[in-house]
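Close look at the chain arrangement
Read off the chains here:
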Amino acid sequence: MSKYHLDYLGQLESEAIHIMREVAGQFERPALLFSGGKDSITLVHLALKAFRPGKFPFPLVHIDTGHNFPEALDFRDELVEQIGEKLIVRKVEDTIREKSLTEQKGKFASRNALQTYTLLDLIEEFKFDALIGGARRDEEKARAKERIFSVRDEFGQWNPKLQRPELWNTYNGKIHKGENVRAFPISNWTELDVWNYIRREQIELPSIYFAHEREVLQHEGQLVAISDFIKLDPGDVVLKKKVRYRTVGDMTCTAAVESDATAIDDIINEIIATKTSERGETRIDDRVSEAAMEDRKKSGYF
């Protein structure tokens, strides 16, 4: 069926599957970044549509910071077992020890910056020439600058001023030795598109995305989950709130939102009503500076 006869979700799905097949066709050693979050779960679902009944032409990869939500990790492992694909996990903690890296200090000490070292080591270890990721342009302004095929140099760095044109769904994957490409099949999707697709396809998600009671700390207008990874001060007040997560990063840098949404339809209605992007509302690490995400991407971040 021509894409012109598809509804908008069908067109987005068709484009994403086309991009995945382009990655499989153009690169020798691709991999798919899979964390157990909703966007990477959607990527796995799309990969199943793109390549079944065959096996994936790439492994799944997760850079484990050690500060993950247990719900996401449990779901990650269950899904991998269910679909029977290969998962490669590398731990930031091992990189910290091997390279004698200095961890961030403070109340919400994050390993976000350090996971770049682990990622680049992983690329070198397996000689990956393309990594498929779930980034979307609507998430954050630095990601809005990035192409669907985003070339990184031999040091893993991204130069926003040196990007290739992508016209008529043509993606140029030609790279020099040592370079690699980050490919984003759902780059043109919005948060609402993802949730509408999840509803249509009946994709299962970790419970963390739906309203649940959790102990949280209110900090600068954000609700941060109580965990072993944050340092409570004597004057901190721990609250018990009904919350859900719009995006799932580390427990040290991802805030929850108050919500009563226990079903996908409820979540979709909340997203329609909100005026703040998911990262803008919930990611502490993006508030470090105006260019926090762009600086991380320039150094090799996802």
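Residues numbered from 1 in each chain as written. Predicted model: local features only at pLDDT ≥ 70, side-chain atom pairs only at ≥ 80, totals over all residues. Heavy atoms only, no water.

A word on the overall build of the protein. Looking only at helices and strands, the protein has 10 helices and 10 strands in total. Burial statistics for the protein: of 302 residues in total, 54% are counted as buried. Sequence-distant contacts, at least 24 apart, represent 74% of the contacts inside the protein between residues at least 6 apart. When the accessible area of the protein is evaluated, it comes to approximately 14,600 Å², of which 49% is carbon and sulfur surface. (Helix = DSSP H or I, 4+ residues; strand = E, 2+ residues; numbered from the N terminus. Buried < 20%, exposed > 50% of the residue type's maximum accessible area, 1.4 Å probe, protein only. Contact = heavy atoms within 4.5 Å. Areas by Shrake-Rupley, 256 points an atom, 1.4 Å probe, with all protein chains shown as cover.)

On to the pairing of strand β5 (residues 149-152). The side-chain alternation of β5 yields two buried faces, one formed by Phe149 and Val151 and the other by Ser150 and Arg152. Sheet analysis places β5 next to strand β6 (residues 180-183), joined by 4 bridges and oriented antiparallel. Each residue of the ladder has a partner; that of Arg152, found in β6, is Asn180. (Pairing = 2+ DSSP bridges.)

A few words now on the sheet that holds strand β2 (residues 60-64). Adjacent strands of a sheet pair through backbone hydrogen bonds, lying either parallel or antiparallel. Spatially, 6 strands are ordered β3-β2-β1-β4-β6-β5 in an open sheet, and the strand pairing comes out mixed. Among the strands making up the open sheet, the edge pair consists of β3 (87-91) and β5. Strand-to-strand twist in this sheet, taken as the mean axis angle between neighbours without regard to direction, amounts to 30°. Taken together, the 5 bridges between β2 and β3 define a ladder with parallel strand orientation. (Axes fitted to C-alpha atoms, helices over the stretch in contact; angles between N-to-C directions.)

Bridge analysis of strand β7 (residues 212-219) against strand β9 (residues 238-244) gives 6 bridges, and the strand direction is antiparallel. Counterpart to Val216 in the pairing with β9 is Leu239. Bridge analysis of β9 against strand β10 (residues 255-258) gives 2 bridges, and the strand direction is antiparallel. Across the sheet, the residue bridging to Val243 is Glu258, located in β10.

With that settled, consider the packing of helix α2 (residues 38-51) against helix α3 (residues 70-83). The N-to-C vectors of α2 and α3 enclose an angle of 5°; their axes lie 12 Å apart at closest approach. Taken as axis vectors, α2 and α3 run roughly parallel relative to one another. Contact with α2, carried on its side by Ile41, Val44 and Leu48, involves Phe75, Leu79 and Ile83 of α3 and no other residues of that element. For the contact of α2 with α3, the class distribution of residues is 6 nonpolar, no polar and no charged. (Parallel < 35°, antiparallel > 145°, perpendicular 65-115°, else oblique. Nonpolar A, V, L, I, M, F, W, Y, C, P; charged D, E, K, R; others polar.)

We now examine unusual backbone geometry. A negative phi angle is the norm for most residues apart from glycine, just as the trans form is the norm for most peptide bonds. Cis geometry marks the peptide bond from Arg52 to Pro53; its omega dihedral reads 15°. Within the secondary structure, Pro53 sits in the loop between α2 and β2. Although it is not a glycine, Asn169 adopts a positive phi angle of roughly 55°. By the element assignment, Asn169 lies in the loop between β5 and β6.

By size, the foremost hydrophobic cluster in this structure holds 58 residues, and its most contacted members are Leu32, Leu46, Phe149 and Trp195. Each of domain 1 (8-192 + 291-298) and domain 2 (207-287) contributes no fewer than three residues to this core. Excluding anything up to four places from it in sequence, Trp195 contacts Lys38, Leu205, Tyr209, Ile264, Ile267, Ile268 and Ile271. Core analysis: the second largest hydrophobic core is formed by 14 residues, Leu33, Val61, Ile63 and Ile88 among them. (Core = buried A, V, L, I, M, F, W, Y, C linked by side-chain atoms within 4.5 Å. Domains from an automatic or database assignment.)

Next up on the list: helix α4 (residues 92-99). Buried residues of α4: Val92, Thr95 and Ile96, and no others. Take α4 and look down its axis: the buried residues cluster within an arc of 100°, on one side only. Seen from the buried face of α4, the exposed residues on the opposite side, beyond 90 degrees, are Arg97 and Glu98. Those residues of α4 that are buried lie in contact with β2, β3 and α5 (115-126). Once α4 finishes, Ser100 follows within two positions and takes phi at roughly 55°, a positive value. (Arc of directions from axis to C-beta.)

On to the side chain of Asn68, then. Along the polypeptide, Asn68 turns up in the loop between β2 and α3. Residue Asn68 is classed as buried on the basis of its relative accessible area of 15%. In terms of polar contacts, Asn68 uses its side chain to reach the side chain of Asp64, at 2.4 Å. Residue contacts for Asn68: discarding those within four places in its chain leaves His62, Leu73, Phe229, Asp250 and Met251. (Polar contact = N/O pair within 3.5 Å; in protein donor to acceptor, adjacent residues only side chain to side chain.)

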